Amino acid sequence: NAGVTQTPKFQVLKTGQSMTLQCAQDMNHNSMYWYRQDPGMGLRLIYYSASEGTTDKGEVPNGYNVSRLNKREFSLRLESAAPSQTSVYFCASSEALLATGNNQPQHFGDGTRLSIL
Amino acid sequence: AQSVTQPDIHITVSEGASLELRCNYSYGATPYLFWYVQSPGQGLQLLLKYFSGDTLVQGIKGFEAEFKRSQSSFNLRKPSVHWSDAAEYFCAILSGGYNKLIFGAGTRLAVHP
């Protein structure tokens with residue numbers, strides 16, 4: 001059972017280059033999330049997708065776009081990378097929505113370490 | 001607005017000693033609270049969660065946490081730390097709909113032999 005798989009694990013970009021981070025989950029979860037992790041700031045939500053076909057902004061969406069390709073896959077795109085986007089990016093998924101009263105925790109991938117020069 | 005504060009950035013303990021990691025939250029209603037652990041180069045693993053009911057919650061790897069509404073706290077404890085517990089620990093609160101989480105800044109735990 002792979003859980004949440006992120007590719008690539010590491011990437012170095014030059015300022016202005018574009019890049020898509022891939023995420024796939026095999027747990028049949030409805031909701032998926034992208035976070036960035038920076039020292040001393042914990043994880044901050046970039047975008048989330050409550051269900052297939054929907055996406056919404058999180059706390060720090062500027063400079064990013066997302067696509068929920070199908071129920072399994074949720075990609076994050078940097079159109080024009082900036083040094084401020086150097087970070088570790090985590091994808092997560094969860095089973096249920098708050099509205100159902102069944103609040104299941106999120107499952108995380110191992111992260112993509114992205115450096116922008 | 002909801003927020004989570006982890007006052008300790010770094011903590012060092014000796015192997016076999018007890019551990020308490022602090023977490024304070026700001027939330028208007030009954031919170032849903034989580035503790036996650038992140039080993040170096042890895043993703044986050046759920047240690048335990050509090051939704052309602054018993055305020056002392058047992059988790060994996062011998063961890064427990066106590067929810068104290070009067071103190072707006074959800075501190076993580078372990079009676080005897082092992083060297084393998086060295087990691088970064090994150091407290092998180094459920095925020096609004098769709099299972100969104102707000103994380104604290106994390107506490108990095110070092111364990112001396």
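Because the structure is a prediction, the values reported are computed rather than measured.

Q: If you had to explain the overall build of chain B to someone new, which residues and values would you point to?
A: Helices and strands together make up the secondary structure of chain B, namely 0 helices and 12 strands. Reading chain B from its N terminus to its C terminus gives the helix and strand order β-β-β-β-β-β-β-β-β-β-β-β. Expected size for 113 residues packed as a compact globule is a radius of gyration near 13 Å; at 13 Å, chain B falls within 12% of this value. Viewed in the frame of its principal axes, chain B has a C-alpha envelope of about 40 × 30 × 20 Å. The 113 residues of chain B split such that 45% are buried. Long-range contacts, defined here as pairs at least 24 residues apart, represent 52% of the contacts in chain B between residues at least 6 apart. With the model as given, the accessible surface of chain B reaches about 5,200 Å², and the carbon-plus-sulfur share is 49%. Taking the average location of the 9 positive side-chain charges in chain B and that of its 8 negative ones, the two points are 7 Å from each other.

Q: Provide a residue-level description of the overall build of chain A, including the pertinent values.
A: Within chain A one finds 0 helices and 11 strands. Taking 13 Å as the expected radius of gyration for a compact globule of 117 residues, we find that chain A reaches 14 Å, a close match to that expectation. Considered along the principal axes of its C-alpha atoms, chain A spans approximately 45 × 25 × 25 Å. Within chain A, the fraction of its 117 residues that count as buried is 48%. Carbon and sulfur atoms form 49% of the exposed surface of chain A, whose accessible area is close to 5,300 Å². In chain A, the 10 positive side-chain charges and the 9 negative ones have mean positions that sit 6 Å from each other.

Q: Explain the layout of surface pockets residue by residue, including any values.
A: Of the pockets and cavities examined, the largest pocket occupies roughly 190 Å³. Every residue lining the largest pocket is counted, 15 residues in all, and those nearest its centre are Asp38, Pro39 and Gly40 of chain A together with Glu88 and Ala105 of chain B. Looking at the lining of the largest pocket, the elements with two or more residues in it are strand S4 (31-38) of chain A together with strand S10 (87-94) of chain B.

Q: Lay out the sheet that holds strand S1 (residues 4-7) of chain A in plain terms, naming residues and giving numbers.
A: Residues and elements named next belong to chain A. Here we have 4 strands laid out as an open sheet, ordered S1-S3-S8-S7, and antiparallel in their pairing. At either margin of the open sheet sits one strand with a lone partner, and together these are S1 and strand S7 (65-68). In this sheet, adjacent strand axes meet at a mean angle of 15° when their direction is disregarded. Pairing analysis gives 3 bridges linking strand S3 (residues 19-25) to strand S8 (residues 74-78), with the strands arranged antiparallel. Residue pairing for S8: leucine 21 is matched across the bridge by leucine 76.

Q: Tell me about the interface of chain B and chain A, and please be specific about residues and values.
A: At the junction of the two partners, chain B supplies 23 residues and chain A supplies 23 residues. With both sides pooled, the region where chain B packs onto chain A buries about 1,900 Å², and carbon together with sulfur makes up 58% of that total. Inspection of the region where chain B meets chain A yields 0 salt bridges. Those elements that place two or more of their residues in the side of chain B that touches chain A are strand S5 (33-38), strand S6 (44-50), S10 and strand S11 (101-103) of chain B. Residue classes in the side of chain B that touches chain A are distributed as 12 nonpolar, 8 polar and 3 charged.

Q: I'd like a description of the nonpolar core, backed by residues and values.
A: Membership of the largest hydrophobic core comes to 26 residues, with the highest contact counts inside it found for Leu19, Trp35, Leu47, Leu48, Phe74, Leu76 and Tyr89 of chain B. Those elements that place two or more of their residues in this core are strand S2 (10-14), strand S3 (19-21), S5, S6, strand S8 (64-68), strand S9 (73-78), S10 and strand S12 (107-112) of chain B. The greatest single-element share of this core, amounting to 4 residues, is contributed by S10 of chain B. Look past the residues within four positions of leucine 19 of chain B in its chain and what remains in contact with it is Ile11, Val13, Phe63, Leu76, Arg77, Lys78, Val81 and Leu109 of chain B. Counting 20 residues, the second largest nonpolar core, distinct from the first, contains Leu13, Leu21, Met32 and Val66 of chain A.

Rules behind the numbers
- Residues numbered from 1 in each chain as written.
- Chains lettered and ligands numbered in written order.
- Predicted model: local features only at pLDDT ≥ 70, side-chain atom pairs only at ≥ 80, totals over all residues.
- Heavy atoms only, no water.
- Helix = DSSP H or I, 4+ residues; strand = E, 2+ residues; numbered from the N terminus.
- Rg over C-alpha atoms; globule rule 2.2 N^0.38 Å.
- Buried < 20%, exposed > 50% of the residue type's maximum accessible area, 1.4 Å probe, protein only.
- Contact = heavy atoms within 4.5 Å.
- Areas by Shrake-Rupley, 256 points an atom, 1.4 Å probe, with all protein chains shown as cover.
- Lys, Arg positive; Asp, Glu negative; His and termini not counted.
- Charge placed at Lys NZ, Arg CZ, Asp CG, Glu CD.
- 1 Å grid on protein atoms, 1.4 Å probe; cavity = no way out; pocket = protein on both sides within 12 Å on 5 of 7 lines; lining within 4 Å.
- Points joined across faces, edges and corners; volume = space filled by probe spheres on them.
- Pairing = 2+ DSSP bridges.
- Axes fitted to C-alpha atoms, helices over the stretch in contact; angles between N-to-C directions.
- Buried area = accessible area lost by both parts, 1.4 Å probe.
- Salt bridge = Lys/Arg side-chain N within 4 Å of Asp/Glu carboxyl O.
- Nonpolar A, V, L, I, M, F, W, Y, C, P; charged D, E, K, R; others polar.
- Core = buried A, V, L, I, M, F, W, Y, C linked by side-chain atoms within 4.5 Å.

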